[in-house]
Amino acid sequence: MILLILVLLINVYILKKYEKGNEHFYSFLFALFLVFVYYFEPFFHYTKDIRLFLEITIPIYLFFQVYFPIFIKTKVKEYLVVLGCGLLDKNRLSPLLMNRLNVAYDLYANKQCKIVVSGGKGKDEDISEASAMKTYLIQKGVKEKDILCEEKSKSTEENLKYSKDMIGDSFMIITSDYHALRAFILSKLLRINASITTSKTIYYYKFYAAIREYLALLYLFKGFIIGYFLLLN
């Protein structure tokens, strides 16, 4: 219960600090849901099945989340695809996104490659994520001709799909460390021959982001999960 309360407090902090998008609120609701499942289990029939599912899947997820970045391929390819992750204050890069771009710049400075910045314009944004990322890279010294903008995507899956449509099915994905596992799974589902390199994430955000990524993977494999509960009942 202490851990669940800690999860709630971290989510409250993230909501107040970033106030960005429904995904933050969903993570907070999931933390509340965990408290409900464990505290009220004796009073509701299905909470036992849900608790068992969580106790199986969460440790497996955390194992792969922690150890996956150690084993991923990090071969630099002709194209580097930087995945967007939302803007702050309608047009400002978040620290998370700047970290990804800094990784891309360091690779660009040492290798002959082009950079694809991938991210569309959200409802609460004045410009597309790709446009903001392009401006940042140019200011750092990347030549404009070496930057391609993918400005249609609204999700990680679309980031990868539309980038594949632009440059083919072989490229390096650049994203945050907490996001690498899901990006890799999606790249395989989309039949992309991808290598991945990651940027670091501040510790408190990584703790929160692990919840968000777990929820995203549950949604990705929702068909299997529905089948699991149908078999139980």
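The rules behind these values
Residues numbered from 1 in each chain as written. Predicted model: local features only at pLDDT ≥ 70, side-chain atom pairs only at ≥ 80, totals over all residues. Heavy atoms only, no water. Helix = DSSP H or I, 4+ residues; strand = E, 2+ residues; numbered from the N terminus. Buried < 20%, exposed > 50% of the residue type's maximum accessible area, 1.4 Å probe, protein only. Areas by Shrake-Rupley, 256 points an atom, 1.4 Å probe, with all protein chains shown as cover. Pairing = 2+ DSSP bridges. Axes fitted to C-alpha atoms, helices over the stretch in contact; angles between N-to-C directions. Salt bridge = Lys/Arg side-chain N within 4 Å of Asp/Glu carboxyl O. Lys, Arg positive; Asp, Glu negative; His and termini not counted. Polar contact = N/O pair within 3.5 Å; in protein donor to acceptor, adjacent residues only side chain to side chain. Contact = heavy atoms within 4.5 Å. Core = buried A, V, L, I, M, F, W, Y, C linked by side-chain atoms within 4.5 Å.

Notes on the overall build of the protein
On a plain count of helices and strands, the protein comes out with nine helices and seven strands. Scored against the burial criterion, the 233 residues of the protein give a buried share of 45%. Carbon and sulfur atoms provide 62% of the accessible area of the protein, an area that totals close to 13000 Å².

With respect to the sheet that holds strand E5 (residues 147-150)
Across the sheet, which stays open at both edges, the five strands sit in the order E5-E4-E1-E6-E7 with parallel pairing between neighbours. Bordering the open sheet on either side are E5 and strand E7 (193-199), each of which pairs with just one other strand. The average undirected angle you get between the axes of adjacent strands in this sheet is 25°.

Structural notes on the pattern of salt bridges
Evaluation of the coordinates by the stated rule reveals six salt bridges. Across the salt bridge formed by Lys114 and Asp146, the nearest N and O atoms sit 3.2 Å from each other. In this pair, Lys114 is assigned in strand E4 (residues 114-118) and Asp146 in the loop between helix H5 (129-140) and E5, connecting sequence segments 32 residues apart. Look at Lys114 and you get partly exposed, because its relative accessible area is 28%. For Asp146, a relative accessible area of 8% translates into the label buried. Between Lys145 and Asp146 there is a salt bridge whose closest N-O contact spans 3.5 Å. Owing to a relative accessible area of 60%, Lys145 belongs among the exposed residues under this scheme. Counted as one network, the salt bridges with shared partners bring together Lys114, Lys145 and Asp146.

Examining the side chain of Arg100
Take Arg100: it is sitting in helix H4 (residues 95-110). In this structure, Arg100 is buried with no salt-bridge partner, the nearest side chain bearing the opposite charge being Glu213 at 7.1 Å. Here Tyr178 takes part through its side chain, which lies 3.5 Å from a polar atom of the side chain of Arg100. Setting aside its immediate chain neighbours within four residues, Arg100 contacts Val82, Leu83, Gly84, Cys85, Ile174, Thr175, Ser176, Tyr178, His179 and Ser199.

Notes on the nonpolar core
Within the largest apolar cluster, 28 residues are counted, with the highest numbers of intra-cluster contacts made by Leu160, Phe171 and Ile173. Counting only elements with at least two residues in this core, the list comes to helix H2 (21-39), helix H3 (47-71), strand E1 (79-83), helix H6 (156-167), strand E6 (170-176), helix H7 (180-189), E7 and helix H8 (203-220). Ignoring any residue separated from it by four or fewer positions in sequence, one finds Leu160 in contact with Leu83, Phe171, Ile173, Ala183, Leu186, Ser187, Leu190 and Ile192. Counting 22 residues, the second largest nonpolar core, distinct from the first, contains Leu93, Leu137, Ile147 and Met172.

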